[in-house]
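Coordinate inspection notes
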Amino acid sequence: MQAQILPATPENSSPKRARLVVIGNGMAAMRTVEELLHLEPDLYDITVIGREPHGNYNRIMLSPVLSGEKSFQDIMLHTPEWYVMHGIKLISGIVAESVHRKRREVTLSNGDVAGYDRLLIATGSNPFVIPMPGHQHPAVIQFRDIQDVEKMVEAAANLLGQRAIVLGGGLLGLEAANGLAKRGVKVTVVHDIDYLLNRQLDREAANLLQAALERRGIEFAIGVKSDHIVIDEAGNMRGLAFKDREMIECSMLVMAVGVRPNVALAKSMGLHVDKAVLTDDTMQTSDPRVYAVGECVQNRGALFGLVAPLFDQAKVCASHLAEHGIRRYIQKATATTLKVTGVNLYSAGDFSGEGSETLVMRDHSNAVYKKLFIKNNKLVGAVLYGDIQDGVAYFDLIQRGADISAQRHTLIFTPDHTSSDSSAKELQGAA
């Protein structure tokens, strides 16, 4: 697809209005724009600059596109027509190359310049590529955007009956493995930690998940250290070599080993950057005219990747761009609900087990596993496999720091989450 510039509709554009330029066209950026339009629809002339040559889509739903369950159009959140309808100038397929803060100008890769009064940076993150020998081979693909999915789909059509390796046993890696397997490709997941989803699950739940995926034909090499990609004299990929075991043959390798905040632009324009762009609790950067949201942000030492905190940031940022100035971003405990190839998983709070007592339920016949972590008669963490219907109730108890001593003997079966606390009722109602 070609780069395109969609002008704002004349009736919605005014030289008297302040100019807001948004660098980034992802979910955090566009949620901020939506919130702003809800609060003050006539305050700004808005320009959105997106690297990808189309509107905003739901990255969380890339896996069903890879598996063939959905099309790209099914996961679109904002079509090009939406931007026109809301008076937003969309510049897609073009990169913001530099920002001159004194002149308040953004220079684009096509040579154009966009002036701003307020600037929102939402450049997201970049996939991390392990710089092992052979990593630049064209059969090495990342799994981050729709272009990556299109590459994998095209490659899978030519790999029927052959093997692909997915490097990374996190959520994205498992989703990539499942999608490729559904397209008839033999798949081996390689993970350097000794159990899957080590950031979301404990070892026992991870082992249950691995067994379920193995029954569906996906193979695993767990707790191994990759060394280099083997390329033959003709330039074809032959496999992945390891430091501590024999090579696994493959014709394609998918890198799904994490992301890094995309801060190159922020650094070049002189903003304060640590691991990511530093913001205060209003999502303002070190330049009071510049805000930031999403995976490129660092707030009070924390980085962000889940949708819930990104959308919270969007609400806060929009309120300040709207000149309401009534919100502050507060980091909250997060819960993760996952559905990996049809298996329901849920984790919340601290499940490291350090200094905790545990309550465990195992129902092998129904493939259900629950583990609760308790400190000082308070629930501090939960991991659920198979049956996750009580996840929200457990998360409520974790957030409130409720005393669970009265229900200690029944908590693993039927948590009592009744509370007069309004935020708890809100949480339960949202579920």
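Scroll up to find the structure this text is about.
These lines cover the structure that appears in this document, whether it is placed above or below.

So, how was this worked out
Residues numbered from 1 in each chain as written. Predicted model: local features only at pLDDT ≥ 70, side-chain atom pairs only at ≥ 80, totals over all residues. Heavy atoms only, no water. Helix = DSSP H or I, 4+ residues; strand = E, 2+ residues; numbered from the N terminus. Rg over C-alpha atoms; globule rule 2.2 N^0.38 Å. Buried < 20%, exposed > 50% of the residue type's maximum accessible area, 1.4 Å probe, protein only. Contact = heavy atoms within 4.5 Å. Areas by Shrake-Rupley, 256 points an atom, 1.4 Å probe, with all protein chains shown as cover. Lys, Arg positive; Asp, Glu negative; His and termini not counted. Charge placed at Lys NZ, Arg CZ, Asp CG, Glu CD. Phe/Tyr/Trp six-rings, centres within 6.5 Å; stacked < 30°, edge-to-face > 60°. Lys NZ or Arg CZ within 6 Å of the ring centre and 35° of its normal. Polar contact = N/O pair within 3.5 Å; in protein donor to acceptor, adjacent residues only side chain to side chain. Pairing = 2+ DSSP bridges. 1 Å grid on protein atoms, 1.4 Å probe; cavity = no way out; pocket = protein on both sides within 12 Å on 5 of 7 lines; lining within 4 Å. Points joined across faces, edges and corners; volume = space filled by probe spheres on them. Salt bridge = Lys/Arg side-chain N within 4 Å of Asp/Glu carboxyl O.

Counting its secondary structure elements, the chain contains ten helices and 28 strands. For a compact globule of 431 residues, the expected C-alpha radius of gyration is about 22 Å, and the chain comes in at 24 Å, within 12% of that figure. Across its three principal axes, the chain shows a C-alpha extent of roughly 70 × 65 × 35 Å. The buried share among the 431 residues of the chain stands at 49%. In the chain, the share of contacts with a sequence separation of at least 24, taken over all contacts with a separation of at least 6, comes to 61%. Accessible area for the chain stands at about 20,400 Å²; split by element, carbon and sulfur atoms hold 47% of it. In the chain, which carries 45 positive and 49 negative side-chain charges, the distance between the mean positions of the two groups comes to 3 Å.

Take the packing of aromatic side chains next. Summed over the entire model, instances satisfying the criterion amount to three aromatic pairs. Between Y57 and F72, the aromatic rings sit 5.3 Å apart at their centres with planes inclined by 75°, giving edge-to-face as the arrangement. Placement of the pair is Y57 in strand β4 (residues 56–57) and F72 in the loop between α2 (62–67) and β5 (76–78), with a sequence separation of 15 residues. Side by side, Y57 and F72 carry an identical accessibility label, which is buried. Consider the rings of F304 and Y329, whose centres lie 5.7 Å apart with planes at 80°: the pair is edge-to-face. Taken together, the residues F304 in the loop between β23 (297–299) and α8 (307–321) and Y329 in the loop between α8 and β24 (335–340) connect sequence positions 25 residues apart. Comparing F304 with Y329, the two get one shared label, buried. Against the face of F311 rests R31, its NZ or CZ located 3.7 Å from the ring centre.

The next subject is the side chain of D396. Mapped onto the fold, D396 is located in helix α9 (residues 391–400). A polar atom in the side chain of D396 sits 2.8 Å from the side chain of R400.

Of all seven residues that make up strand β25 (residues 343–349), five are buried, and the element is covered over most of its length. Linkage of β24 to β25, two consecutive antiparallel strands, is achieved through a turn of two residues, within which T341 is found at a positive phi near 45°. Alignment of β25 against strand β28 (residues 378–385), held across five bridges, turns out to be antiparallel. Residue L345 lies in a different strand from β28, and its bridge partner there is Y385.

The next point concerns empty space enclosed by the protein. Applying the stated rule across the entire model yields one cavity of 30 Å³ or more. The calculated volume of the largest cavity comes to roughly 50 Å³. Taken together, P127, F128, F143, R144, L172, M255, A256, V257, G258 and V259 make up the lining of the largest cavity.

With the rule as written, the count across this model stands at 23 salt bridges. Taking the shortest distance from any N to any O, the salt bridge between D117 and R19 comes out at 3.2 Å. Here D117, found in the loop between β9 (113–115) and β10 (118–121), pairs with R19, found in strand β2 (residues 18–23); they are 98 residues apart in sequence, far enough to count as distant. Here D117 and R104 are joined by a salt bridge, their closest N and O atoms 3.8 Å apart. Pair noted here: D117 is in the loop between β9 and β10 and R104 is in the loop between β7 (96–100) and β8 (105–108), with a separation of 13 residues, a long-range link. The exposure class of R104 is partly exposed, given its relative accessible area of 23%. In the salt-bridge network here, residues are joined through shared partners; they are R51, E52, R59 and D145.

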